[in-house]
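Commentary on secondary and tertiary structure
The lines below spell out each chain.
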Amino acid sequence: MTAPPLALLAELTHRCPLRCPYCSNPTALTRPGEELDTATWSRIFAEAADLGCLQIHLSGGEPTARRDILDLVRAASEAGLYTNLITSGVLLNGTRLDALAEAGLDHVQLSIQDAEPTSADRIGGYRGGHAKKLAFAHLVTEAGLPLTLNAVVHRQNLDRLPAMIDLALALGAGRLEVAHVQYYGWALANRDALMPTRAQLDAATATVEAARATHRGRLVIDYVVPDYYATRPKSCMGGWGQRFLAVSPAGRILPCHAAESLPGFDFPNARTTTLRAAWDTSEAFNRFRGTGWMPEPCQGCARAEQDWGGCRCQAFALTGDAAATDPACSLSPHHALLALALEASDRAGEAFTYREPGREPGRLPQPVPAPPLA
Amino acid sequence: MSPESIPKLARGMKLREDKARAQWVVLGPERMFVPDEIALEVIRLLDGTSSLAAIADTLAARYSAPREEILADITTMLDDLAAKGVVTT
């Protein structure tokens, strides 16, 4: 019997006024006409709670681009889920936010692109966005809602991490998520322009550690490291099909939000399959569950049940094989690809391929065949 | 935290029954704590008006246990939960 999931990521829509070049949405964005309706989402939320989910993350795209966001928050809250809104904050006014709080919203996670307005607006591809976000953060705390600031960091904003921490404190955030870009989809297409230098990474890690100590009890800082500099892979999603599930705007039930980009999968759809059936019995959720599927060097590795072989989407993006060991592991035969990527980014410029519907990123790195095993 | 402190769950933290796993959990932004039996009992006594001293009195009476020992134990426990952002004063 598979243990039940803890959280559901509901990607309500791919519509978004921002155009961040590291967006975690797939490069093939779902059209508004394909989105699930209010009743179907409400049923999914009830199914998630029944299955054992405790938390729901209402995300996107920009979730508040949905006209029924109020009904969706109410449905999630009434299902008994801890309801978290992951938002860019540029579409909501105070009245609407108060209504969301009234409907049972538990927490708001607001993204920022930088601490410096001009740079922030350039990275988000949305003029005036940073100022709107600051105003929105005040509305969140005025509404009595807890606020997390989410700062996605990379080469072009990492030097201002101390200012981002100050901003989180000034805005009254109880939590700050400092997340290094993870390179799939849009971010992979922009990898050369985003990859931090080793010196930047080391400085950021030291900054986070110092700030954690200084602001202990006032600001919780969660830190997501970039695995291109790692020697062991991250425990992606806490293991495939073990703790999380995601539902895409069009209803596909996924082990993680990026999994839609993996070929050769028949992901169940929430229009016709219950979350419980998808979780317990679907081939897609069972394919990389546990350790039985693992290739060498994961098979028999002492860390097999700690990192679960790393990230399937990164394995596919870099090697062309979703069942390969994550190249972030130094034991992977593909590990040298990461060093090559770092070298390439060293010489690269700062131009972005912005995330836009119908825009196929032009310079996705091509999968490289595995070198022969020694 | 001192005996006069009045601890309560921090903003955004909620105590909920987790029926699927037959336990109680404290839920917060992107985090979850599973309190042990003693912590659960203390968290249930955080009503936003009782001081740490009053909570120690309640527990001492309930278990006929030495009050000073209980006060020391729950002070340590709540200091730890405060550092994690779960409770506040």
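One can find the structure itself at the top, above this paragraph.
Residues numbered from 1 in each chain as written. Chains lettered and ligands numbered in written order. Predicted model: local features only at pLDDT ≥ 70, side-chain atom pairs only at ≥ 80, totals over all residues.

1. Comments concerning the overall build of chain B
Rule in force here: Runs of H or I in DSSP of at least four residues are treated as helices and runs of E of at least two as strands, each being numbered from the N terminus. For a compact globule the rule gives 2.2 Å times the number of residues to the power 0.38, and the radius of gyration it is set against comes from C-alpha atoms. Three exposure classes are used, all based on how many other C-beta atoms lie within 10 Å of a residue's own C-beta (placed from the backbone): buried at 20 or more, exposed at 12 or fewer, and partly exposed between those limits. Note on contacts: residues are paired as contacts if their backbone-placed C-beta atoms lie within 7 Å.
For chain B, the count of helices and strands is three helices and five strands. N-terminal to C-terminal, the α/β element order of chain B is β-β-β-β-α-α-α-β. Computed over its C-alpha atoms, the radius of gyration of chain B comes to 13 Å, within 12% of the 12 Å expected for a compact globule of 89 residues. Dimensions of chain B, computed from the C-alpha atoms along their principal axes, are close to 35 × 25 × 20 Å. Looking at the 89 residues of chain B, the share that counts as buried comes to 25%. At a minimum sequence separation of 6, the contacts of chain B that also span at least 24 residues come to 51%.

2. Observations concerning the overall build of chain A
Helix and strand counts for chain A stand at 14 helices and nine strands. Compactness check: chain A gives a C-alpha radius of gyration of 20 Å against a globular reference of 21 Å for 374 residues, within 12% of the reference. For chain A, the spread of C-alpha atoms along the three principal axes comes to 65 × 45 × 40 Å. Looking at chain A as a whole, 49% of its 374 residues are labelled buried.

3. So, the interface of chain A and chain B
Facing 18 residues of chain A, the contacting portion of chain B comprises 15 residues. Of all the secondary structure elements, the ones that give two or more residues to the side of chain A that touches chain B are β3 (82-87), β4 (107-112) and β7 (220-224) of chain A.

4. Observations concerning the sheet that holds strand β1 (residues 7-11) of chain A
All names here are of chain A. The following threshold applies: At least two DSSP bridges between two strands are needed for those strands to be called paired.
Strand order in the open sheet made by the nine strands is β7-β6-β5-β4-β3-β2-β1-β8-β9, with mixed pairing throughout. If you trace the sheet from one side to the other, it starts and ends with β7 and β9 (253-254), each paired once. Across five bridges, β1 lies against strand β2 (residues 55-59) in parallel orientation. Considered in β2, the bridge of Ala 7 is made with Gln 55.

5. Side note on the pairing of strand β8 (residues 244-247) of chain A
All names here are of chain A. Along β8, one buried face is formed by Phe 244 and Ala 246 and the opposite face, lined by Leu 245 and Val 247, is buried too. Sheet topology places β1 next to β8; four bridges connect them, and they run parallel. Pairing of Leu 8 across the sheet is with Leu 245, part of β8. Pairing geometry for β8 and β9, over two bridges, is antiparallel. Within β9, the position partnered with Ala 246 by the bridge is Leu 254. Counted between consecutive antiparallel strands, the loop separating β8 from β9 contains five residues, among which Gly 251 sits at a positive phi close to 100 degrees.

6. What to know about the nonpolar core
Worth spelling out the cut-off: We define a nonpolar core as a collection of buried residues of the types Ala, Val, Leu, Ile, Met, Phe, Trp, Tyr and Cys that are connected via C-beta atoms lying within 7 Å of each other.
Within the largest apolar cluster, 122 residues are counted, with the highest numbers of intra-cluster contacts made by Phe 45, Ile 56 and Leu 81 of chain A. In this view, Ile 56 of chain A contacts Ala 7, Leu 8, Ala 10, Phe 45, Ala 48, Ala 76, Leu 81, Thr 83 and Asn 84 of chain A; residues no more than four positions away in its chain are not counted.

7. Some details on the sheet that holds strand β2 (residues 14-18) of chain B
Pairing between the strands of a sheet comes from backbone hydrogen bonds, and it takes one of two forms, parallel or antiparallel. Residue and element names in this part refer to chain B. How we decide: To obtain each axis, a line is fitted to C-alpha atoms, and for helices this fit is confined to the stretch in contact; angles are then taken between N-to-C directions over 0 to 180 degrees.
On the basis of which strands lie adjacent, the open sheet formed by three strands has the order β2-β3-β4 and antiparallel pairing. Looking at the sheet topology across the chains shown, the edges are occupied by β2 and β4 (31-33). Averaged over all neighbouring strand pairs, the angle between strand axes comes to 35 degrees, with direction disregarded. Across five bridges, the pairing between β2 and strand β3 (residues 23-28) is antiparallel. Bridge pairing in β3 places Arg 16 opposite Val 25.

8. Describing helix α2 (residues 69-78) of chain A
All names here are of chain A. Where α2 is concerned, the buried positions are Ile 69, Leu 72, Val 73, Arg 74, Ala 75 and Ala 76. Of the surrounding elements, those touching the buried residues of α2 are α1 (38-51), β2, β3 and α3 (94-102). Gly 80 occupies a position one or two residues after α2 and carries a positive phi of about 90 degrees.

9. Details of helix α6 (residues 161-170) of chain A
All names here are of chain A. Where we set the bar: Along the arc lie the directions from the helix axis toward the C-beta atoms.
Among all positions of α6, only Leu 161, Met 164, Ile 165, Leu 167 and Ala 168 are buried. Seen end-on, α6 carries its buried residues on one side only, within an arc spanning 155 degrees. On its buried side, α6 packs onto β4, β5 (147-153), β6 (175-180) and α9 (198-214). Just past α6, the residue Gly 172 takes up positive phi, approximately 80 degrees.

10. Details of the packing of α1 of chain A against α2 of chain A
Residue and element names in this part refer to chain A. Rules: Every angle not falling under 35 degrees, over 145, or within 65 to 115 is termed oblique; those three ranges are roughly parallel, roughly antiparallel and roughly perpendicular. Should the near helix be turned counterclockwise from the far one by less than a right angle, the crossing is left-handed, whereas a clockwise turn marks it as right-handed. Amino acids are sorted into nonpolar (Ala, Val, Leu, Ile, Met, Phe, Trp, Tyr, Cys and Pro), charged (Asp, Glu, Lys and Arg) and polar (every other residue, Gly among them).
At a minimum axis distance of 9 Å, the contact between α1 and α2 shows a crossing angle of 20 degrees. Comparing the axis directions of α1 and α2 gives the class roughly parallel. Note on packing geometry: the crossing formed by α1 with α2 is right-handed. When α1 is examined against α2, the residues Thr 38, Trp 41, Ser 42 and Phe 45 are found in contact with a partner set consisting of Asp 71, Leu 72, Ala 75 and Ala 76. For the contact of α1 with α2, the residue count by class is five nonpolar, two polar and one charged.

11. So, unusual backbone geometry
Each neighbour pair has its own omega, and for Gly 60 of chain A with Gly 61 of chain A the value is 10 degrees, a cis peptide bond. Glu 296 of chain A connects to Pro 297 of chain A through a cis peptide bond whose omega is 5 degrees. Residue position: Pro 297 of chain A is located in the loop between α11 (283-287) and α12 (304-307). Residue Glu 30 of chain B is not a glycine yet carries a positive backbone phi of 55 degrees.

12. Focus: the packing of helix α2 (residues 52-63) of chain B against helix α3 (residues 67-83) of chain B
Packed helix pairs are characterised by how far apart their axes lie and by the angle those axes make with each other. Residue and element names in this part refer to chain B. Following both chains from N to C, one finds α2 and α3 inclined at 125 degrees, their axes separated by 9 Å at the closest point. Judged on the interaxial angle alone, α3 and α2 are oblique. Here α2 runs over α3; the crossing is right-handed. Of the residues in α3, those touching α2 at Leu 52, Ala 53, Ile 55, Ala 56, Asp 57, Leu 59 and Ala 60 are Arg 67, Ile 70, Leu 71, Ile 74, Thr 75 and Leu 78. Classifying every residue of the contact of α2 with α3 by side-chain character gives ten nonpolar, one polar and two charged.

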